[in-house]
Protein chains: 2
Amino acid sequence: MKKIAIGIDIGGTNIELAWVKPDGSIIKNLSYKTADFPQVEMFVEEIGNAIISINKELSSFEITGIGIGAPNGNYFTGSIEFAPNLKWEGKIELAKLFEQKTNLKTQLTNDANAAAFAEKLFGRAKQMKNFLVVTLGTGLGSGIFVNGEMLYGSTGFAGELGHTTAIESGRKCGCGKKGCLETYASATGIVKTAKEFLALSKVNSLITETENFEAKDIFIAAQNGDKLAFETIKYTGEILGKSLADYVALFSPEAIFLTGGLAKAHSLLIPETEKAMNKNMLKIFKETVKILPSSLIEQNAGLLGAAALVMSNI
Amino acid sequence: MKKIAIGIDIGGTNIELAWVKPDGSIIKNLSYKTADFPQVEMFVEEIGNAIISINKELSSFEITGIGIGAPNGNYFTGSIEFAPNLKWEGKIELAKLFEQKTNLKTQLTNDANAAAFAEKLFGRAKQMKNFLVVTLGTGLGSGIFVNGEMLYGSTGFAGELGHTTAIESGRKCGCGKKGCLETYASATGIVKTAKEFLALSKVNSLITETENFEAKDIFIAAQNGDKLAFETIKYTGEILGKSLADYVALFSPEAIFLTGGLAKAHSLLIPETEKAMNKNMLKIFKETVKILPSSLIEQNAGLLGAAALVMSNI
């Protein structure tokens, strides 16, 4: 009997659900709006029923389990813990709730770790034992592989690159600290930088043509030759690259993958980031690490990585 | 036949050599001055002969191999690579040279990794899977265990905590960068801090009673109630603690061990470091990690850790 796994990718806006083959191909998928589930119980009930119903359709396969990727997901406890972008408050024992509802083995990890699993199983990191996946979205998440294994640390929360200090006494971060990397290197961070640059600048910028502009508007402006937009991306790359140089000294990875919304501008952002990283890197690490875009379709990476959690037994 | 391993600990000043039982007890040991071996060939010849001769005396044991801890030692290549504190220049394939001389399996790693192995096999980290050992000597070295294994990364050089940026555009470091942690949190760094504080201060300090004072003179002065000496230690602990908070976000260790000359002042340094670490730490990591002094005699830690390299097969 052929084995398949179920992946659930929980984001602040969308929830994706898919039945995935061991080669990473998706047999069936469903999509939901996160806002439609203000209570987690509703969510487990509706998604759980969908899973039970579709599993019957797919009765020619053996379902190995459910893997979930979620913000602030903890692999050790199977819980979502105090996720700022979700309405479900406190500690949610989501893996347990799904196991009770579906009778399927369920594992959970954070969304950036799921993206790293996807890169390892289905992406460019297949042959790599040491690599970093940095997700540049609303915030900055990361999944780190060390010696061929995910880095969880003693608490399950290791790999919080986004909350290491990039700028001493810098921007105030949602975590309560100041100058965290994610306040600069994220979609939110780059918009802040652009606003700061605009406030200081006397020249016109294409960015301001869009009211309430977003990260993508900065990239479009830069691609169209806008100088301020380009300087904004350069500054972001410089801060990110400098931090990456420190992480290279710590982890000595073969590659650093940049994914997420902000990484879509990789043709502009990666060269600037790489320049700053190499400039700040110890001699012994020069030429040992490359910054790469993900080879996976972004929408699928989280889903595939989530499914991968319950695939090791396939 | 009872198995034992040989450990060699190479430092800038002394070279220690010991025959070690699996329980960490030392059967026999020898000590040399590093300066007596300006050429590495002389060193391999003399130490190799000593090993061959003493192995004959210990013929009731089976010798499993030679483990070497050395500055800039690379476990993957068995080489010492560009060690600034040794006269042996360039890349020295020391493990290979010892294998050729003694016919014993030889493995090599850097001195801080050896200290971490010692903590794992013989010290307080026996039950720990994730911990950091930070050696505060002339420089700042580190050995990091992740998932119960030493972190080497793709190059063998991972875990260079000492060369991550502590102070933006700070003190010039021997590595060519600026503001590296080891320019502050090391015996050399703390003396620099004291000199800076003395230059700015108008009050007398006990530190200046010793000409060309060293780190230990600062601790003695602080223990005797000297305010400037205490402020120096506090400043050092603040910078170290802040960096440790970032490493906790990355590695989520159970414990951070401080060893080396500077750590001897742990009764003063650890509380200040811990205070700064906790202040700068993400909420999810609070109360999950402690800073501990090593339980091993410092002279032996490097030796035992080196021997441990060839002990896994005991």
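The numbering scheme is per chain: residues are counted from 1 as the chain's sequence reads. Just so you know, chain letters begin at A and ligand numbers begin at 1, following the order they were written in. Only residues with pLDDT of at least 70 get local features here, since the model is predicted, and only at 80 or more are side-chain atom pairs given and counted; chain-wide, interface and lining totals rely on the full set of residues. To get the side-chain values, take all heavy atoms of the structure and skip hydrogens and water.

## Focus: the relation of the copies chain B and chain A
Okay, step 1: Our superposition of the copies is a least-squares fit, built on the C-alpha atoms of residues whose pLDDT is at least 70 in both. Expressed as a screw transformation, the operator carrying chain B onto chain A has a rotation angle of 180 degrees and an axial translation of 0.0 Å, and the superposed copies differ by an RMSD of 0.0 Å. Read as a symmetry element, the transformation amounts to a two-fold axis.
Okay, step 2: The contact criterion used is simple: two residues touch if any of their non-hydrogen atoms lie within 4.5 Å. A shared interface surface links the copies, since 100% of the contact residues of chain B are contact residues in chain A too.

## A closer look at the interface of chain B and chain A
Okay, step 1: Opposite the 37 residues of chain B that make contact, chain A presents 37 residues.
Okay, step 2: Accessible surface is computed with a 1.4 Å probe, and the buried area is the amount of it that two parts give up when combined, taken over both parts together. Contact between chain B and chain A buries roughly 3,100 Å² in total, counting both sides, with carbon and sulfur atoms accounting for 59%.
Okay, step 3: Note that Glu168 of chain A and Lys242 of chain B form a salt bridge whose closest N and O atoms lie 2.5 Å from each other.
Okay, step 4: Pairs of N or O atoms within 3.5 Å make up the polar contacts considered here, provided that, within protein, one atom can donate a hydrogen while the other can accept it, and that residues adjacent in sequence are counted only when both atoms are side-chain atoms. Run the count over chain B and chain A and you get 20 residue pairs in polar contact (both at pLDDT 80 or more).
Okay, step 5: Labels follow the DSSP assignment, with helices taken as runs of H or I lasting at least four residues and strands as runs of E lasting at least two, numbered in each case from the N terminus. Elements supplying a minimum of two residues to the side of chain B that touches chain A: strand 11 (149–150) and helix 6 (227–251) of chain B.
Okay, step 6: Ranked by the residues each element gives to the side of chain B that touches chain A, the list is headed by helix 6 of chain B, at six residues.
Okay, step 7: The classification used treats Ala, Val, Leu, Ile, Met, Phe, Trp, Tyr, Cys and Pro as nonpolar, Asp, Glu, Lys and Arg as charged, and all other residues, Gly among them, as polar. Split by residue class, the side of chain B that touches chain A holds 18 nonpolar, twelve polar and seven charged. In what follows, salt bridge is the name for a side-chain nitrogen of Lys or Arg lying within 4 Å of a carboxyl oxygen of Asp or Glu.

## A few points about the sheet that holds strand 6 (residues 79–81) of chain B
Residue and element names in this part refer to chain B.
Okay, step 1: DSSP bridges decide pairing: two strands pair if at least two such bridges lie between them. Ordered by their spatial adjacency, three strands build an open sheet running 5-6-7, and the pairing between neighbours is antiparallel. Because the sheet does not close on itself, it has two edges, and the strands there are strand 5 (73–74) and strand 7 (91–92).
Okay, step 2: Across two bridges, the pairing between strand 5 and strand 6 is antiparallel. Bridged to Asn74 within strand 6 is Ser79.

## Focus: the confidence of the model for chain A
All names here are of chain A.
Okay, step 1: When pLDDT is averaged across chain A, the result is 92; 99% of the residues are at 70 or more.
Okay, step 2: You can read pLDDT as the predictor saying how much it trusts each residue, on a scale of 0 to 100. Summarising per-element confidence for chain A, the mean pLDDT is lowest in helix 8 (residues 298–308) (88) and highest in helix 2 (residues 94–102) (97).
Okay, step 3: Interface confidence for the predicted complex, given as ipTM, is 0.90, next to a pTM of 0.92.

## Concerning the environment of Leu140 of chain B
Residue and element names in this part refer to chain B.
Okay, step 1: One can find Leu140 in strand 10 (residues 140–146).
Okay, step 2: For Leu140 and Thr183, which are 43 residues apart along the polypeptide, the C-alpha to C-alpha distance reads 8.4 Å.
Okay, step 3: Those residues within four positions of Leu140 in sequence are excluded, and the remaining contacts are Val134, Thr135, Leu161, Gly162, Leu181, Glu182, Ala185, Ser186 and Leu240.

## Overview of helix 7 (residues 266–279) of chain B
Residues and elements named next belong to chain B.
Okay, step 1: A helix is expected to span 1.5 Å for every residue after the first. Taking 1.5 Å of rise per residue, 14 residues should cover 20 Å, and helix 7 covers 19 Å from first to last C-alpha, within 8% of that figure.
Okay, step 2: Along helix 7, the positions that sit buried rather than exposed are Leu268, Leu269, Ile270, Glu272, Thr273, Ala276 and Met277.
Okay, step 3: The secondary structure elements touched by the buried residues of helix 7 are strand 9 (131–136), helix 5 (215–223), helix 6, strand 12 (255–259) and strand 13 (290–293). Per-residue accessibility, obtained with a 1.4 Å probe over protein chains only, is compared with the maximum for each type, and a residue is labelled buried under 20%, exposed over 50%, and partly exposed between these values.

## Quick look at the packing of aromatic side chains
Okay, step 1: Planes of paired rings set the category: under 30 degrees apart is stacked, over 60 is edge-to-face and the rest tilted, where pairs are Phe, Tyr or Trp rings (Trp by its six-membered ring) whose centres lie within 6.5 Å. Per the stated rule, a full pass over the model turns up 23 aromatic pairs over all chains.
Okay, step 2: On the numbers, 4.6 Å between centres and 5 degrees between planes, the contact of Tyr75 of chain B with Tyr152 of chain B is stacked. Taken as a pair, Tyr75 of chain B in the loop between strand 5 and strand 6 and Tyr152 of chain B in the loop between strand 11 and helix 4 (187–200) lie far apart in primary sequence, 77 residues in all.
Okay, step 3: Taken together, the ring pairs in this structure connect Tyr32, Phe37, Phe43, Trp88 and Phe98 of chain A into an aromatic cluster.
Okay, step 4: Distance and angle both matter: a charge sits over a ring if NZ of Lys or CZ of Arg is within 6 Å of the ring centre and within 35 degrees of the ring normal. Its guanidinium or amino end placed over the ring of Phe213 of chain A, Lys195 of chain A lies 5.9 Å from that ring's centre, counting from NZ or CZ.

## Concerning unusual backbone geometry
Okay, step 1: The residue Asn103 of chain A is not glycine, and still its phi comes out positive at about 65 degrees.
Okay, step 2: As for its placement among the helices and strands, Asn103 of chain A is situated in the loop between helix 2 and strand 8 (106–110).
Okay, step 3: Exposure remark for Asn103 of chain A: the relative accessible area of 71% places this residue in the exposed category.
Okay, step 4: Located in the positive-phi region is Ser169 of chain B, a residue other than glycine, with phi close to 50 degrees.
Okay, step 5: Examined against the element boundaries, Ser169 of chain B turns out to sit in the loop between strand 11 and helix 4.

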